[in-house]
Amino acid sequence: QVQLVESGGGLVQAGGSLRLSCAASGRTLSNYAMGWFRQAPGKERAFVAAKNWSSIRTYYADSVKGRFTISRDAAENTVYLQMNSLKPEDTAVYYCAAAPPFGSSLTSGPSYNYWGQGTQVTVSS
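Residues numbered from 1 in each chain as written. Predicted model: local features only at pLDDT ≥ 70, side-chain atom pairs only at ≥ 80, totals over all residues. Heavy atoms only, no water.

*Asks:* Can you help me understand the state of the cysteines in this one?
*Replies:* In a disulfide, the sulfur atoms of two cysteines are covalently bonded to one another. The final tally for this structure, using the stated rule, is one disulfide. Bridging C22 to C96, the disulfide has an S-S length of 2.0 Å. Between C22 and C96, the disulfide has an S-S torsion of 55° and is therefore right-handed. Taken together, the residues C22 in strand β3 (residues 18–25) and C96 in strand β9 (residues 92–99) connect sequence positions 74 residues apart. (Disulfide = S-S within 2.5 Å. Helix = DSSP H or I, 4+ residues; strand = E, 2+ residues; numbered from the N terminus.)

Structure follows, in structure tokens:
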């Protein structure tokens, strides 16, 4: 079992930055692919970013490319999402998730076995 806890969300003005953290316990994250998803009010959960288990491959949604960066710290057993140039449309609850190392598409929610509880990000205009 992997337990994931997100933190770092909050209220920020458009153009600002936030860094989300996803701390894991139970197992080392180095054995898992990691992803970030978000869900805005009234919308379905959407893929944001992911790294495969070896961190060789990184994936981003088109809407966040060039603004968001996913990274992982093996020593801290933590995954981060650095979010810059935030826009009001980035407002959502952000979730981190862990997937088996050789699973299917990392841009798809069903590929992930473990999910955090989410952290709210609100971007004001």
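*Asks:* Looking at this structure, I do not really get the pattern of salt bridges. What am I missing?
*Replies:* If charged atoms from side chains of opposite charge come close, those side chains can pair. Tallied over the entire structure, the rule returns three salt bridges. Measuring nitrogen to oxygen at the nearest pair gives 3.2 Å for the salt bridge that ties K65 to D62. For D90, the salt bridge identified is with R67, shortest N-O distance 2.7 Å. Taken together, the residues D90 in the loop between β8 (78–83) and β9 and R67 in the loop between β6 (58–60) and β7 (68–73) connect sequence positions 23 residues apart. We note that D90, like R67, is buried. When salt bridges with common partners are traced through the structure, they connect R38, R67 and D90 into a single cluster. (Salt bridge = Lys/Arg side-chain N within 4 Å of Asp/Glu carboxyl O. Buried < 20%, exposed > 50% of the residue type's maximum accessible area, 1.4 Å probe, protein only.)

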